[in-house]
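# Observations on the model geometry
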Amino acid sequence: MNENNNTTLYSQLEYDHGYKLIQLTPELLDALKSNNNALKFKQVQTDHEGTMVDDVILCSKNKSWNIKQKNHSNTVLLCKDEKLNGNDNCIKGYGKCTYEYETRLTKGHINLNVIPIYDGEEEEKLDSCNFEELINQSGCSMEEGIKEWEEICGCVIDNHVCILGENYIHSVLHILLMSLMAEGYDMESQGFLIAEGIESVQKDGNENEKSQVIESVIKRFFHRENTDTNGKEVRWLIDKKKIGVWYGIKALKKYASKNPIRDVEFLQEWRSMFPPFMSIEIDLKMLRGHYCKPNSIQGQIKYLSKDILPMDSKQRFKMLFQIQSQWLQEEIEPFVKDLNTRNMKIDTFIMKFARRRHVGKQYIIQSR
Amino acid sequence: MNVVDISIDHHVLGQLAQEKLSTIATPLGNTIIEIQGELDIPSLQQLPKDNYLQDSRFSLDSQDNPIVKVGILNIDQDSKQVTMYVGTTQRLLGKIEKLDPPLGLLHFVSETKEYQLKDVFTHKIVFRNRPLPIM
């Protein structure tokens, strides 16, 4: 196109409808520059307040973008320089776009609906997909998928994906911790290799325990050594907080799911659940989001699972105030923060549905 | 469940690497023109099959696709003003706008069932107003 003179504009009578425009945010431009051929569109089913809807997610190697079709009524003509009718100074419209794809960076998630739970029973035959197929069926990039996979204790057995059952994880974790202590591993500073963790468990009378299961449990409760390994295998260090919270939730379910329990008594029960000689600092604050303090029972706590709460914000706040009339802001936050889908400041979000009072150094949340 | 890969045209990769993204027409020769409302282009079905090419507005491009002359664009790069003359009676006043964020041009390749990124636009020509008469 001649940018300082006259250019003749032509248009094809029939457009090529295969052209689409997509917004390229800075992160997406970076992904384009660095990861050739690594981008893909995925059509996935996601849960929107209880209803399954089809969403399109754009994924790179390590990021995900939500795609929305933004329609408009203007004529957006795609043109290209072309010599036409002997004239060099022409452009020709070859495509017309009635919408553009809006891209919004989002946190990718694995599609949990297609993964069976495995409890370690030998007769259980897994017929699920493999890990690569699972990632293709999920609205997440490969790196996000691997990270979430470790967090949910996902496992691949004979090329079939599964999630380990809660009780099964607990028994393997307990055996693993005891075996590593018995072998004398310094889990806090030296760490251990995955193969060493597997060997410790299997030689301790648990030779039938699957290596993949032990590896998944290690990745769920231990973290990679930060230092540069210089090509050597990664060593794994204990994550005491994760293990403390896991045992705490198990203790809540065991001792505080039917009736409330005095918090001092609960702390004793919690401590007693760890393997002998295992030293982990515990504090009730670690379990925020898993317990409530029922009305009119001072100094007692009761297990409360977020899974039983309504998905509607108004209904969830109503139910929380029926269970407990006044909450410390830090204690109610974990129960409601997933509903703040517009990423508002959490104080503002809470005040949309509840009253917030300043008492001393704390904020008390109660019904309006 | 569908997965569609997006490949990147090697010309675009070169363009991204050199960050040559700053003209109205891209280094690959593409431009976006936006006009408020509908641009009324006659469809091929509406035209008489044998003799529409006798009308001077219509012709064929290098691949023998029928094309129609829409108008003459006059671009003033300094003031970023663009005027489009349509026929002898109307003119449209527009301007060059920076796109924020830039737009990627995707093309669906039916043979490979994948999208290809064909170009990246950082500017577009926009006509927001109604046509004015040519005095």
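Residues numbered from 1 in each chain as written. Chains lettered and ligands numbered in written order. Predicted model: local features only at pLDDT ≥ 70, side-chain atom pairs only at ≥ 80, totals over all residues. Heavy atoms only, no water.

Chain B goes by Chromosome transmission fidelity protein 8 in an unreviewed UniProt entry, where it is assigned to Henningerozyma blattae.

Where an unreviewed UniProt entry is consulted, chain A appears under the name Sister chromatid cohesion protein DCC1, with the organism given as Henningerozyma blattae. What UniProt states about chain A under its Sequence similarities (unreviewed entry) heading is, verbatim, "Belongs to the DCC1 family." (UniProt positions renumbered as here; feature names shortened; annotations may be inferred.)

### What to know about the interface of chain B and chain A
In this assembly, 66 residues from chain B lie in contact with 57 residues from chain A. Between chain B and chain A the total buried area reaches about 5300 Å² when both faces are included, carbon and sulfur atoms providing 57% of it. Across the pair glutamate 38 of chain B and lysine 96 of chain A runs a salt bridge, and its minimum N-O distance is 2.8 Å. Our enumeration of links across chain B and chain A arrives at 26 residue pairs in polar contact (both at pLDDT 80 or more). Contributions of two or more residues to the side of chain B that touches chain A are made by β1 (2-8), α1 (10-18), β2 (30-35), β3 (58-60), β4 (66-76), β6 (90-109) and β7 (114-127) of chain B. With eleven residues, β4 of chain B is the largest single contributor of residues to the side of chain B that touches chain A. In terms of residue class, the side of chain B that touches chain A is made up of 40 nonpolar, 18 polar and eight charged. (Contact = heavy atoms within 4.5 Å. Buried area = accessible area lost by both parts, 1.4 Å probe. Salt bridge = Lys/Arg side-chain N within 4 Å of Asp/Glu carboxyl O. Polar contact = N/O pair within 3.5 Å; in protein donor to acceptor, adjacent residues only side chain to side chain. Helix = DSSP H or I, 4+ residues; strand = E, 2+ residues; numbered from the N terminus. Nonpolar A, V, L, I, M, F, W, Y, C, P; charged D, E, K, R; others polar.)

### Things to note about the nonpolar core
One finds Leu164, Leu177, Phe222, Tyr247, Phe266 and Trp270 of chain A to be the most contacted residues of the largest nonpolar core, which totals 49 residues. Dropping the residues within four chain positions of it, leucine 164 of chain A is found in contact with Ile117, Tyr118, Cys153, Cys155, Ile169, Val213, Ser216 and Val217 of chain A. Cys79 of chain A together with Ile33, Met84 and Ile125 of chain B belong to the second-largest nonpolar core, a separate cluster that totals 24 residues. (Core = buried A, V, L, I, M, F, W, Y, C linked by side-chain atoms within 4.5 Å. Buried < 20%, exposed > 50% of the residue type's maximum accessible area, 1.4 Å probe, protein only.)

### Let's talk about the sheet that holds strand β9 (residues 160-164) of chain A
All names here are of chain A. One open sheet holds the three strands; their spatial order is β7-β9-β8, and the pairing between them is mixed. Across the chains shown, the open sheet's two edge strands, defined by having one partner strand only, are β7 (117-118) and β8 (154-157). With four bridges connecting them, β8 and β9 associate as antiparallel partners. Paired with isoleucine 157 across the two strands is histidine 160, which belongs to β9. (Pairing = 2+ DSSP bridges.)

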